[in-house]
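Below are the chains, spelled out letter by letter.
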Amino acid sequence: MSDTNEQTITLRVRYDECDPMGFVHHSNYLRYFEIGRTEFLRSAGGRYRDVEAAGLFVVVVRVDCRYRMSAKYDDEIQVTTRIAKVTAAKIVHEYEITRDGQVLVEATVTLAVIDREGRLQRVPESIIQ
């Protein structure tokens, strides 16, 4: 991934994120995506807290994930988050998780915005910007 509309953060794999074999459990990569997405928004001056205070919620509606290699306890990994597409109703992020330049996981996550009653809403300008 190489685009100006992206951000890379570094995380350290914690012991509790691993299965008995010492590999990161596959479900934890979804957490890493969430951390990347939240930090990406924060770096652009936004906060999910403000969106929620306005009565809107950003929800995951689709995840496409390809696991290539496993991360292990105490690995330092890089999570790159990129906005691939924004429409009136959805935001699509792409992710790449690497360790020492080696691709471990690639994913695409589609988000939608809903109100407190669960009705689909337009993506707010504060998120688009």
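Before going into details, it helps to say that this report is about the structure given with it.

Conventions used here
Residues numbered from 1 in each chain as written. Predicted model: local features only at pLDDT ≥ 70, side-chain atom pairs only at ≥ 80, totals over all residues. Heavy atoms only, no water. Phe/Tyr/Trp six-rings, centres within 6.5 Å; stacked < 30°, edge-to-face > 60°. Helix = DSSP H or I, 4+ residues; strand = E, 2+ residues; numbered from the N terminus. Buried < 20%, exposed > 50% of the residue type's maximum accessible area, 1.4 Å probe, protein only. Core = buried A, V, L, I, M, F, W, Y, C linked by side-chain atoms within 4.5 Å. Pairing = 2+ DSSP bridges. Patch = residues over 30% accessible without salt bridge, like charges linked within 9 Å, V, L, I, M, F, W, Y side chains within 5 Å. Areas by Shrake-Rupley, 256 points an atom, 1.4 Å probe, with all protein chains shown as cover. Salt bridge = Lys/Arg side-chain N within 4 Å of Asp/Glu carboxyl O.

1. Looking at the packing of aromatic side chains
Then comes step 1: Applying the stated criterion across every chain, the model contains four aromatic pairs.
Then comes step 2: Plain terms: the ring middles of Tyr15 and Tyr73 are 5.5 Å apart, the flat faces sit at 90° to each other, and that makes the pair edge-to-face. With a gap of 58 residues between them, Tyr15 in the loop between strand 1 (6-12) and helix 1 (28-43) and Tyr73 in the loop between strand 2 (56-67) and strand 3 (76-86) connect regions that are remote in the sequence.
Then comes step 3: One aromatic cluster is present, built from ring pairs that chain together Tyr29, Tyr32 and Tyr67.

2. Here's the deal with unusual backbone geometry
Then comes step 1: A positive phi angle is found at Asp74, which is not glycine, with a value near 75°.
Then comes step 2: Relative to the helices and strands, Asp74 resides in the loop between strand 2 and strand 3.
Then comes step 3: For Asp74, a relative accessible area of 42% corresponds to the partly exposed category.
Then comes step 4: In this model, Asp100 sits at a positive phi of 50°, which is unusual for a non-glycine residue.
Then comes step 5: By the element assignment, Asp100 lies in the loop between strand 4 (90-99) and strand 5 (102-115).
Then comes step 6: Residue classification places Asp100 among the exposed residues on the basis of a relative accessible area of 74%.

3. What to know about the nonpolar core
As a rule of thumb, nonpolar side chains are buried together in soluble globular proteins.
Then comes step 1: Ranked by size, the top nonpolar core spans 28 residues in total, and within it Tyr29, Tyr32, Phe33, Ile77 and Ile97 carry the most contacts.
Then comes step 2: For this core, the secondary-structure elements that each account for two or more residues are strand 1, helix 1, helix 2 (48-53), strand 3, strand 4 and strand 5.
Then comes step 3: Looking at which element gives the most residues to this core, the answer is strand 5, with six residues.

4. Thoughts on the pairing of strand 4
Across a regular strand the side chains alternate sides, sitting on one face of the sheet and then on the other.
Then comes step 1: The buried count for strand 4 comes to eight of 10 residues, which makes it a mostly enclosed element.
Then comes step 2: Pairing of strand 3 with strand 4, which is carried by eight bridges, proceeds in the antiparallel orientation. The residue of strand 4 that forms the bridge with Gln78 is Thr98.
Then comes step 3: Between the end of strand 3 and the start of strand 4, which pair antiparallel, lie three residues.

5. Some thoughts on a nonpolar patch on the surface
Then comes step 1: A cluster of nonpolar residues, Leu30, Val60 and Val63, forms a patch on the protein surface that exposes about 220 Å² of accessible area.
Then comes step 2: One can find Leu30 in helix 1.

6. What to know about the pattern of salt bridges
Then comes step 1: Scanning all chains against the criterion turns up 13 salt bridges.
Then comes step 2: Notably, a salt bridge pairs Asp75 with Arg99, separated by 2.8 Å at the nearest N-O pair. Of this pair, Asp75 sits in the loop between strand 2 and strand 3 while Arg99 sits in strand 4, and the two are 24 residues apart along the sequence. Arg99 carries the same exposure label as Asp75, and that label is buried.
Then comes step 3: In this structure, Arg119 engages Asp115 in a salt bridge whose closest nitrogen and oxygen atoms are separated by 3.0 Å.
Then comes step 4: The network of salt bridges with shared partners includes Arg12, Asp74 and Glu76.

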